[in-house]
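One letter stands for each residue in the lines below.
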Amino acid sequence: MKKLTMKFGGTSLGDAQAISRAADICTREQTSWGWLLVIASAMSGITDLLLESTQAAIQNYAVIRSIRTEIFRRHAEVGEQLIQSPDRRSVLLSDLAAVLDVFERSCEEISQRGEAEAALLDIVASIGERCSARLLAAVLQERDLPSMALEASQLIVTDNRFQNAAPNMQLTEKRVRGNLLPILERGIIPVVTGFMGATFDGEITTLGRGGSDFSASILGACIETDELWIWTDVDGVLTADPAIVANAQVIEKLSYKEVSELAYFGAKVLHPKTIQPLVERGTRIWVRNTFEADRPGTCIGPRPNGKTGSIKAVTAIRELSMVTVEGRGMIGVPGVAARTFAAVASAGVSVLMISQASSEQSISFVVPNETAKRVIAAIEEEMQRELARRDIDSVWSIDEAVVVTAVGAGLRDTPGVAARIFGSLGRANINVYAIAQGSSECGLSLVVASENAQAAVQTIHDAVVMDA
Ligand code: ADP
Ligand code: ASP
Ligand code: MG
């Protein structure tokens, strides 16, 4: 029995035309696969709107009704265009109204409390997927495909880290056996809400922004899917963000490690954790364009391929600060790095990239902009004695920093790749603050000033990626 899991992103479900394409794809694939499992993202823009409304609920409750009306309108409009059957339409409309009642009640609670508590925030954030999954399932039924909407809170069991929950795969597998496999076995196409899960006790959680890709790989792994197809609004994983690099091209094949490095360092096309559940079975992922469904897209698999040492893509993360701990007294003193990072961790901040100068006179690392002040204060507190003795001269930061990462398997073993990257940046007069080689051996990250970020990405792209 061949099994296919497909996830449709926000733009791929953004309006009637897009949903109609998504339904065409389901119709086409249904004949060639024994089981078809579908994961739905919220319609484009809806999650942002929902998160904004949690703030609005505190400041100006009156707008909540108009946001409700707007969300209802966007879904109902598609229903009116794509669903003829009056019964099916009215079931859909009342289902949507019931979900939006939850939205309104949650916003009311936020408004009364005067703050958006983490658990309430996730109930509101997941409303978009709860609406879109119902809509897509109804459209599939209208096309005579047996289908039903399912809530991932019945399937994906997570810890209680709201906004960024992690799945418990064992418990999730058990729920999938009980609540999902029987539906697939009846030949029904389940349309499951992306992005959301629930704790063991049933409190709704979300998996982090862009998390529907992760939902699809979690559920795909649990049903032992043969392939996972991620349907989005570009032709696949590209050599760079098309918004920055106009001549970015589709990458034919990528390894798990390469795509993880790309996603972790800012390529929004795939959630960074998507690969995790699929590694063990070596399941292939395809990233494809809903609006050009005949194009092959990008294939992601366990092994690297292509010319060794070639750089396949370049990506950037913005709004960062590079913090440096500096001093001659640090040379050869054991434990300085450990204490520095312990202080960072105690401030509740995770570090994106670390770079140590060869002289050991300084350690630099990159954290999100808004945490830099907190991080510096925590280090100064920890290093009071060293600062007083001048073993450490200063702890300072460059704000407005951007990490630019070049990705390609075998980077470490191929002489000359780094030289080509730095040569091209030098010729373009772009100053590099710090360098680090990714732990996965297939990424080289550089810190540059934000005003140089776009030029750095374009330069590396044209000189090294396109030239591979
Ligand atoms: P979806 O809603 O389908 O999940 P996303 O907006 O999350 O879509 O991700 C797709 C978008 O990611 C693309 O439209 C593109 O603008 C952006 N993107 C950034 N970097 C890349 C890249 N290297 N390859 C492809 N897309 C990228
Ligand atoms: N709707 C969610 C978001 O916008 C999840 C996703 O689209 O993957 O973050
Ligand atoms: Mg996405």
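Along each chain, residues carry numbers from 1 onward, in the same order as the chain's sequence is written. All chains are assigned letters beginning with A, and all ligands numbers beginning with 1, in the order in which they are written. Reporting in this predicted model follows two pLDDT cut-offs: at least 70 for local features of residues, and 80 or more for side-chain atom pairs to be given and counted; totals over whole chains, interfaces and linings ignore these cut-offs and use all residues. As a rule here, side-chain values come from all non-hydrogen atoms in the structure, and water together with hydrogens is ignored.

Engineer: Looking at this model, I keep getting lost on the pattern of salt bridges. Mind explaining?
Structural biologist: When a carboxyl oxygen of Asp or Glu is within 4 Å of a side-chain nitrogen of Lys or Arg, the pair counts as a salt bridge. Counted by the stated rule, this structure contains 23 salt bridges. We note a salt bridge from Arg-28 to Asp-294, for which the minimum N-O separation is 3.2 Å. Here Asp-294 lies in the loop between strand E10 (284-289) and strand E11 (298-301) and Arg-28 lies in helix H1 (residues 16-30), a separation of 266 residues in the sequence. It is possible to trace a salt-bridge network through shared partners that takes in Arg-65, Arg-68, Asp-101 and Glu-104. What counts as a helix is a DSSP run of H or I of at least four residues, what counts as a strand is a run of E of at least two, and both are numbered from the N terminus.

Engineer: I'm lost on the sheet that holds strand E14 (residues 362-368) in this one. Help?
Structural biologist: Whether parallel or antiparallel, the strands of a sheet pair through hydrogen bonds between backbone atoms. Strand pairing follows a simple DSSP-based rule, namely that at least 2 bridges must link the two strands. Judged by pairing direction, the sheet is antiparallel, and its six strands sit side by side in the order E13-E14-E12-E15-E17-E16 without closing on themselves. Edge positions in the open sheet fall to strand E13 (353-356) and strand E16 (434-437), since each of these has one partner strand only. Adjacent strand axes in the sheet meet at a mean angle of 30°, parallel and antiparallel pairs treated alike. Examined bridge by bridge, strand E15 (residues 394-407) and strand E17 (residues 443-449) share seven bridges and lie antiparallel to one another. Bridge pairing in E17 places Val-403 opposite Val-447. Between N-to-C directions, angles span 0 to 180 degrees; the directions come from axes that are lines fitted to C-alpha atoms, helices contributing only their stretch in contact.

Engineer: What am I meant to see in the site of ligand 2 here?
Structural biologist: Residues in close proximity to ligand 2 include Ser-41, Ala-42, Thr-47, Glu-129, Phe-195, Arg-209, Gly-210, Gly-211 and Ser-212, which together make up its full environment. Within the contact set of ligand 2, a nitrogen atom lies 2.6 Å away from a side-chain nitrogen or oxygen of Glu-129. Polar contacts, as used here, are pairs of N or O atoms within 3.5 Å; protein pairs need one atom able to donate a hydrogen and one able to accept it. Residues neighboring in sequence count only if both atoms are side-chain atoms. In the model, an oxygen atom of ligand 2 is placed 2.7 Å from a nitrogen or oxygen of the Arg-209 side chain. Areas reported as accessible are Shrake-Rupley estimates using a 1.4 Å probe. Residue values count occlusion only from the protein chains shown. Taking 260 Å² as the accessible area of ligand 2 by itself, protein coverage stands at 86%. Tallied by class, residues from the shell around ligand 2 come to two nonpolar, five polar and two charged. What makes a residue near a molecule or strand is one non-hydrogen atom of that residue sitting within 4 Å of it. Residue polarity follows a fixed list, in which Ala, Val, Leu, Ile, Met, Phe, Trp, Tyr, Cys and Pro are nonpolar, Asp, Glu, Lys and Arg are charged, and the others, Gly among them, are polar.

Engineer: Hey, could you run me through the site of ligand 1 in this one?
Structural biologist: Around ligand 1, the surrounding shell holds 16 residues, and the nearest of these are Lys-7, Gly-10, Thr-232, Asp-233 and Leu-238. Contact distances for ligand 1 include 3.0 Å between an oxygen atom and a side-chain N or O atom of Lys-7. Contact between ligand 1 and Gly-10: an oxygen atom at 2.9 Å from a main-chain N or O atom of the residue. Here ligand 1 loses 85% of its free accessible area of 570 Å² to cover by the protein chains.

Engineer: Please explain the sheet that holds strand E4 (residues 157-158) as it appears in this structure.
Structural biologist: Strand order in the open sheet formed by three strands is E4-E6-E7, and the pairing between neighbours is mixed. Both edges of this open sheet fall to E4 and strand E7 (204-206), since each of them pairs with a single strand only. Strand direction decides the pairing type here: E4 and strand E6 (residues 196-199), joined by two bridges, are parallel. Of the residues in E6, the one forming a bridge with Thr-158 is Thr-199.

Engineer: Sorry, what's going on with the side chain of Lys-312 here?
Structural biologist: Among the secondary structure elements, Lys-312 is positioned in the loop between E11 and strand E12 (313-326). Side chain to side chain, Lys-312 and Glu-258 meet in a polar contact 3.0 Å long. A contact between two residues is defined here by any heavy atoms of the two lying within 4.5 Å. Dropping the residues within four chain positions of it, Lys-312 is found in contact with Thr-239, Ile-251, Lys-253, Leu-254, Glu-258, Asn-305, Val-407, Gly-408 and Val-465.

Engineer: Looking at this structure, how should I read the nonpolar core?
Structural biologist: A general trend in soluble globular proteins is that nonpolar side chains are found buried together. In plain words, nonpolar cores are sets of buried Ala, Val, Leu, Ile, Met, Phe, Trp, Tyr and Cys residues tied together by side-chain atoms within 4.5 Å. To sort residues, take the accessible area from a 1.4 Å probe on protein chains only and compare it with the maximum for the residue type: under 20% means buried, over 50% means exposed, and anything in between is partly exposed. Core analysis: the biggest nonpolar cluster contains 50 residues, and Met-6, Phe-8, Phe-103, Ile-127, Leu-136, Leu-140 and Val-191 have the highest contact counts within it. What Phe-8 contacts, discounting residues up to four positions off in sequence, is Leu-13, Ala-22, Ile-25, Cys-26, Val-38, Ile-39, Ala-40, Ser-41, Leu-136, Trp-231 and Thr-290. In terms of nonpolar packing, the next biggest core, distinct from the first, is built from 42 residues, Val-176, Ala-221, Ile-230 and Leu-262 among them.

Engineer: I'm lost on helix H10 (residues 256-264) in this one. Help?
Structural biologist: Residues that lie three or four places apart on an α-helix share one face, since the helix turns once every 3.6 residues. Along H10, the positions that sit buried rather than exposed are Tyr-256, Glu-258, Val-259, Glu-261, Leu-262 and Ala-263. Buried positions along H10 lie against strand E9 (253-255), E10, E11, E12, E15 and E17. Just past H10, the residue Gly-266 takes up positive phi, approximately 115°.

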